Amino acid sequence: MVLPELPIGEAVETGVYWLNDNFGFLMDIFSDLIDMLISGFKDVLLFLPPFAFIIVAAILIYLGSRKNLKLAIGSVVGFLLIDSMGLWTLSMETIALVLSSALVALLIGIPTGILAAKNETIFHIVKPVLDFMQTMPSFVYLIPAVIFFGLGNVPGLVATIVFAMPPAIRLTNLGIRQVPVELDEVASAFGTTPMQKLFKVELPVALPTIMAGVNQCIMLSLSMVVIAAMIGARGLGYQVLVGIQRVDIGQGFEAGIGIVIIAIILDRLTQNLTPKK
Amino acid sequence: MGLSGSGKSTLLRCLNRLINPSEGHILIDGDDIATMDDKDLREARRKKMSMVFQSFALLPHRTVIDNVAFGLEIQGISKEERYAKAEEAISKVGLKGYGSSKTSQLSGGMQQRVGLARALATDPDVLLMDEAFSALDPLIRSEMQDELIALQDKLKKTIVFVSHDLDEALKLGDRIAIMKDGMVAQIGTAEEILTNPADDYVSEFVAGVDRTKILTAENIMKRPDPVVSVNSGLPVALQLMKKHGMSSIFVVDADKKIKGILCVDAAAPAAKEHKGIRDVMRTDINIITPDMPIKEIIPMMAENALPIAVINENEKILGVIVRGSILGALAMKEED
Ligand SMILES: Nc1ncnc2c1ncn2[C@@H]1O[C@H](COP(=O)(O)OP(=O)(O)O)[C@@H](O)[C@H]1O
Ligand SMILES: [Mg+2]
């Protein structure tokens, strides 16, 4: 060893505990909010019986994807399959977790991406943080999440948010930076305020790139939500985990197929939300 | 007008402060754009001037009418009113019926019409056009130039048009600024620049120009001295011609209105028969206005050997053009 042993691990540990001791009350508020969000989504998704849900979902997917009939029919088949495997409630719970974490990740990520695109200082601060967030193995986030929030859906969701946010920030930043100079000049030349420029020119022009970020964010959320079952998140991930612990190939495999179906539907849907160039 | 990199776009962008000028003033209606605060500048950009871009710069997520209405939308004008104004601008540029089209479906020429309509929709006093037609095919470009001239005849805006094409500048510009290395080398009318270049750079620049398209009757005509009154006798006319060494002389009435021309070979024998000027003067002369380009005068000269009379709107004679005048004008080019 060239350097004396540095107590990096200890320092992080101390920091995490200090945060927990001093800002625990904030964590509790945050925890309650997230819990509400998840149950909100869950209640909405489980409000209708599966059959009615599938019809409504098919119509919404058809309209949302600008009349993509193939996607609508595929979704119906996928949901029917999930239902017939007896995984309906678990799947809805997984979707609720994915939507909750993706929503929070986007609510933080898109504005951060906009700020990073507008301000070089912020960009230079955000960039290494993003690199760190994306290269750190996702399991590592689980540890502080447990310390702050205990076991259950909330810490799983927090770890998922941290893991899924970087592409939303990156692609929002990229999309806005890629807005052609002339379009920026058009906005200025016609006398836009900074907000008008952002909402009437930059965001709409950057939308396809931002939507690619949304898509990645949702897909990463889904992948992490499964891992988050290790710290008590529910849904299909938990089912897979139980399958592993009991070496129950059938149960693990069925839950896996459920996840794949959800992944495909969410992926295609988010890819089709905006018109292709 | 200037070569690529001479600073045209930079200068144009200083006018609406897309680029901040480091010094100097930009006065529109007495207000200095260069020192305005953000709020006043926004107001000036909304109401006083608008811009047309070389690359069209249409907003890809908007239809034609929403592109055209963009400036009005920024001003917070209601949808109904801005659509009405946008439709009007769309008709002005000849795109009626294309309002709901996607801009990507239009040809280059049509896209630039949308760009022009967008600039016209806010009814600004000043139009800034940066190489607005440079990205178009030569035929379409020429068509757009003609339409811009026709439109300008009606709208009477101040248009600052940047071009790197001398022919385009000469065709469109009432006054032309020739730029070099970020500075204005000369500013003036096409005639002034062609006949009186400020320095070697400018004269070299305009060396290749077809002067017969730019120079007009006014630039080459001679003073119509002397003329003879239609009420004089033939001997007076002959005397004048002899004194000034002319073979023909224009005949005018008391108000200096042109009546005809008297040629010496017809007048001399007629004088002996005691006839009057009216009996022998010719009335089949070419009469033109001062703004006729030399290019159109040359074929007239070929058809009719008589001098050409240049008159004003009251038919009063302003000048005469003889063969020598045209040769003189063309020779000027070779001297450079
Ligand atoms: N007055 C000036 N002072 C300093 N730099 C200038 C000036 N005018 C132009 N430039 C620089 O010269 C380059 C070319 O100018 P530009 O306006 O794009 O030329 P053009 O439009 O004629 O091709 C740009 O990099 C610009 O910054
Ligand atoms: Mg330029």
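Residues numbered from 1 in each chain as written. Chains lettered and ligands numbered in written order. Predicted model: local features only at pLDDT ≥ 70, side-chain atom pairs only at ≥ 80, totals over all residues. Heavy atoms only, no water.

A. Looking closely at the overall build of chain A. Within chain A, the secondary structure is distributed over 11 helices and 0 strands. Listed by position from the N terminus, the elements making up chain A come as α-α-α-α-α-α-α-α-α-α-α. Along the first, second and third principal axes, the C-alpha atoms of chain A reach 60 × 60 × 35 Å. Here the analysis covers contacts within chain A between residues at least 6 apart in sequence; of these, 78% occur between residues at least 24 apart. Total accessible area on chain A is roughly 14200 Å²; 72% of this is exposed by carbon and sulfur atoms. With 15 positive and 19 negative side-chain charges, chain A shows a spacing of 14 Å between the two charge centroids. (Helix = DSSP H or I, 4+ residues; strand = E, 2+ residues; numbered from the N terminus. Contact = heavy atoms within 4.5 Å. Areas by Shrake-Rupley, 256 points an atom, 1.4 Å probe, with all protein chains shown as cover. Lys, Arg positive; Asp, Glu negative; His and termini not counted. Charge placed at Lys NZ, Arg CZ, Asp CG, Glu CD.)

B. Local environment of the domain arrangement of chain B. By the assigned domains, chain B splits into domain 1 (8-173) and domain 2 (218-335). Here the C-alpha centre of domain 2 of chain B lies 48 Å away from the C-alpha centre of domain 1 of chain B. (Domains from an automatic or database assignment.)

C. Local environment of the pattern of salt bridges. What the rule picks out here adds up to 23 salt bridges over all chains. Its salt-bridge partner being Glu143 of chain B, residue Arg113 of chain B comes within 3.3 Å of it at the nearest N-O pair. Highlighted residues: Arg113 of chain B in helix H6 (residues 108-121) and Glu143 of chain B in helix H7 (residues 138-155), separated in sequence by 30 residues. Judged by its relative accessible area of 40%, Glu143 of chain B is partly exposed. Linked through salt bridges whose partners overlap, the residues forming this network are Lys200 of chain A together with Arg62, Glu73 and Arg82 of chain B. (Salt bridge = Lys/Arg side-chain N within 4 Å of Asp/Glu carboxyl O. Buried < 20%, exposed > 50% of the residue type's maximum accessible area, 1.4 Å probe, protein only.)

D. Representation of helix H7 (residues 153-177) of chain A within the structure. Taking 1.5 Å as the rise per residue, H7 of chain A with 25 residues should run 36 Å; its terminal C-alpha atoms sit 36 Å apart, in good agreement. Considering bend angle alone, the principal kink of H7 of chain A is centred on Ala164 of chain A and spans about 35°; proline Pro166 of chain A follows within four residues of it. (Expected span 1.5 Å × (residues − 1). Bend = angle between axes of the 7 residues up to and from the residue.)

E. Structural context of the pairing of strand E3 (residues 49-52) of chain B. Residues and elements named next belong to chain B. Burial along E3 is two-sided: Met49 and Met51 facing one way and Ser50 and Val52 facing the other are all buried. Both E3 and strand E4 (residues 126-130) contribute to a ladder of 4 bridges, which runs parallel. Looking at the pairing, Met51 lines up with Leu128 of E4. (Pairing = 2+ DSSP bridges.)

F. Summary view of the environment of Glu81 of chain B. Relative to the elements of secondary structure, Glu81 of chain B occurs in helix H5 (residues 79-92). In this structure, the C-alpha to C-alpha distance between Glu81 of chain B and Ser247 of chain B, residues 166 residues apart in sequence, is 68 Å.

G. Layout of the sheet that holds strand E13 (residues 317-321) of chain B. Residue and element names in this part refer to chain B. Pairing in this open sheet of 3 strands is mixed, and the strands run E11-E12-E13 from one edge to the other. Edge positions in the sheet fall to strand E11 (287-288) and E13, since each has one partner strand and no second. Along the sheet face, helix H16 (residues 294-303) touches E11, strand E12 (308-311) and E13 and points at about 140° away from the line of E12. (Axes fitted to C-alpha atoms, helices over the stretch in contact; angles between N-to-C directions.)

H. Quick look at the layout of surface pockets. Residue and element names in this part refer to chain B. Reported here for the largest pocket is a volume of approximately 1400 Å³. Along its surface, the largest pocket is lined by 49 residues, and Phe161, Gly173, Asp174, Arg175 and Ile176 are the ones closest to its centre. For the lining of the largest pocket, the secondary-structure elements that each account for two or more residues are helix H1 (8-15), H7, strand E5 (158-162), helix H8 (166-172), strand E6 (176-180), strand E7 (183-188), helix H9 (190-195) and helix H11 (211-214). Here the lining of the largest pocket takes 8 residues from H7, the largest share from any one element. Per-class residue counts for the lining of the largest pocket are 25 nonpolar, 10 polar and 14 charged. (1 Å grid on protein atoms, 1.4 Å probe; cavity = no way out; pocket = protein on both sides within 12 Å on 5 of 7 lines; lining within 4 Å. Points joined across faces, edges and corners; volume = space filled by probe spheres on them. Nonpolar A, V, L, I, M, F, W, Y, C, P; charged D, E, K, R; others polar.)

I. Representation of the sheet that holds E5 of chain B within the structure. Residue and element names in this part refer to chain B. Taken in spatial order, the 3 strands of this open sheet run E3-E4-E5, and their pairing is parallel. The open sheet has two edge strands with one neighbour each: E3 and E5. Pairwise comparison of adjacent strand axes, ignoring direction, gives a mean angle of 15° for this sheet. Pairing between E4 and E5: 5 bridges, direction parallel. Within E5, the residue paired with Leu128 across the bridge is Val160. Sheet strands touched by H1: E3, E4 and E5. Its angle to E4, the strand with the most contacts, is close to 155°.

J. Quick peek at the interface of chain A and chain B. Contact residues are listed per partner, giving 17 residues for chain A and 23 residues for chain B. Inspection of the region where chain A meets chain B yields 2 salt bridges. A salt bridge links Glu73 of chain B to Lys200 of chain A; its shortest N-O distance comes to 2.7 Å. Our enumeration of links across chain A and chain B arrives at 8 residue pairs in polar contact (both at pLDDT 80 or more). When residues of the side of chain A that touches chain B are traced back to their parent elements, those giving at least two are helix H8 (181-189) and helix H9 (194-227) of chain A. Sorting elements by how many residues they give to the side of chain A that touches chain B places H8 of chain A first, with 7 residues. Classifying every residue of the side of chain A that touches chain B gives 9 nonpolar, 5 polar and 3 charged. (Polar contact = N/O pair within 3.5 Å; in protein donor to acceptor, adjacent residues only side chain to side chain.)

K. Just the environment of Leu203 of chain A, in detail. All names here are of chain A. Checked against the element boundaries, Leu203 lands in helix H9. Relative accessible area serves as the criterion here: at 16%, Leu203 is assigned to the buried category. If near-sequence neighbours (up to four positions away) are discounted, Leu203 is found in contact with Ile114, Ile176, Leu198 and Ile210.

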